Amino acid sequence: MTALRDGGRVSRAIRFGWLALGVFCVGLGIVGALLPLMPTTIFLILAAGCFARSSPRLEAWLLDHPRFGPTLRAWRRDGAMSRRAKAMAVGGMATGYAIFLAVADPPVSVLCVVALIMSGCAAYICARPAMSS
């Protein structure tokens, strides 16, 4: 009987952790909607995943949101992104790398590693199916 009670407490704690992480990701998504170089959608995708594990009501709220819902549903259904989102993501990475080059003075090996990681991320984004309108 004690094991069940302890298991229930652990389960509630994990669920609360997912909920807190989801709320945090929504907050970051809101900040991203206001700041030009910070992403929005990835944080909302993460929030939807967290809410799927903690709060079906908040998950439904995100998926039914008039502005972000279609994008989240397309990602969940097909892993799809709009062409505009792909261009902005790859452009943001290129801008970030250019700023990194201009501001930091890292060794060439670090420049190459960062370029490789960003290129891999850009390739992944470009390989995603295009979202149908």
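The model shown is predicted, which means the values in this text are computed figures rather than measured ones.

*Asks:* Looking at this structure, I do not really get the pattern of salt bridges. What am I missing?
*Replies:* Should their charged atoms come close, side chains of opposite charge can pair. Counted according to the given criterion, the structure contains two salt bridges. One salt bridge connects Glu-59 with Arg-76, and the closest N-O pair in it is separated by 2.6 Å. With Glu-59 in helix H3 (residues 56-63) and Arg-76 in helix H4 (residues 69-78), the pair connects residues that are 17 residues apart, well separated along the chain. Assessed through its relative accessible area of 42%, Arg-76 is described here as partly exposed.

*Asks:* How do you make sense of the nonpolar core when you look at a structure like this?
*Replies:* Most often, soluble globular proteins keep nonpolar side chains buried together rather than apart. If you look at the biggest cluster of nonpolar residues, it comprises 11 residues: Cys-25, Val-26, Leu-44, Ile-45, Ala-47, Ala-48, Phe-51, Leu-58, Leu-62, Leu-63 and Leu-72. Taken together, the elements giving at least two residues each to this core come down to helix H1 (2-34), helix H2 (41-52) and H3. Sequence-distant contacts of Leu-58, that is, excluding residues within four places in its chain, are made with Leu-19 and Phe-51.

*Asks:* Looking at this model, I keep getting lost on the packing of aromatic side chains. Mind explaining?
*Replies:* Two descriptors summarise a pair of aromatic rings, namely the distance from one centre to the other and the angle between the planes of the rings. Inspection of every chain in the model, using the stated rule, returns one aromatic pair. On the basis of an interplanar angle of 45 degrees and a centroid distance of 6.1 Å, the ring pair of Tyr-97 and Phe-100 is categorised as tilted. In this pair, Tyr-97 and Phe-100 both sit in helix H5 (residues 83-103), three residues apart, roughly one turn of the helix. Residue class for Phe-100 comes out partly exposed when judged on its relative accessible area of 24%. Directly above the ring of Trp-18 sits Arg-53, whose terminal nitrogen or CZ lies 5.2 Å from the centroid.

*Asks:* Quick question: what am I supposed to make of the environment of Val-108 here?
*Replies:* With respect to the element layout, Val-108 can be found in helix H6 (residues 108-127). Overall, Val-108 belongs to the exposed group, its relative accessible area being 61%. Taking the C-alpha atoms as reference points, Val-108 and Cys-126, 18 residues apart in sequence, are found 26 Å from one another.

*Asks:* What is the right way to read the confidence of the model for the protein from this model?
*Replies:* When pLDDT is averaged along the protein, the result is 88; 92% of the residues meet or exceed 70. A low-confidence stretch, residues 1-5 (pLDDT under 50), is modelled with zero contacts involving residues beyond four sequence positions or located in other chains.

*Asks:* What is the right way to look at the packing of H2 against H3 in this model?
*Replies:* Helix packing for two helices is described by the angle between their axes and how far apart those axes are. Direction vectors running N to C along H2 and H3 enclose 150 degrees, while the axes themselves pass 7 Å from each other. Classified by the interaxial angle, the pair formed by H2 and H3 is roughly antiparallel. Between H2 and H3 lies a crossing whose hand is left-handed. Here H2 contributes Leu-44, Ala-47, Ala-48, Phe-51 and Ala-52 to the contact with H3, which in turn contributes Pro-56, Leu-58, Glu-59 and Leu-62.

Each value, and the rule that gives it
Residues numbered from 1 in each chain as written. Predicted model: local features only at pLDDT ≥ 70, side-chain atom pairs only at ≥ 80, totals over all residues. Heavy atoms only, no water. Salt bridge = Lys/Arg side-chain N within 4 Å of Asp/Glu carboxyl O. Helix = DSSP H or I, 4+ residues; strand = E, 2+ residues; numbered from the N terminus. Buried < 20%, exposed > 50% of the residue type's maximum accessible area, 1.4 Å probe, protein only. Core = buried A, V, L, I, M, F, W, Y, C linked by side-chain atoms within 4.5 Å. Contact = heavy atoms within 4.5 Å. Phe/Tyr/Trp six-rings, centres within 6.5 Å; stacked < 30°, edge-to-face > 60°. Lys NZ or Arg CZ within 6 Å of the ring centre and 35° of its normal. pLDDT = per-residue confidence, 0-100. Axes fitted to C-alpha atoms, helices over the stretch in contact; angles between N-to-C directions. Parallel < 35°, antiparallel > 145°, perpendicular 65-115°, else oblique. Left-handed = near helix turned anticlockwise from the far one by under 90°.

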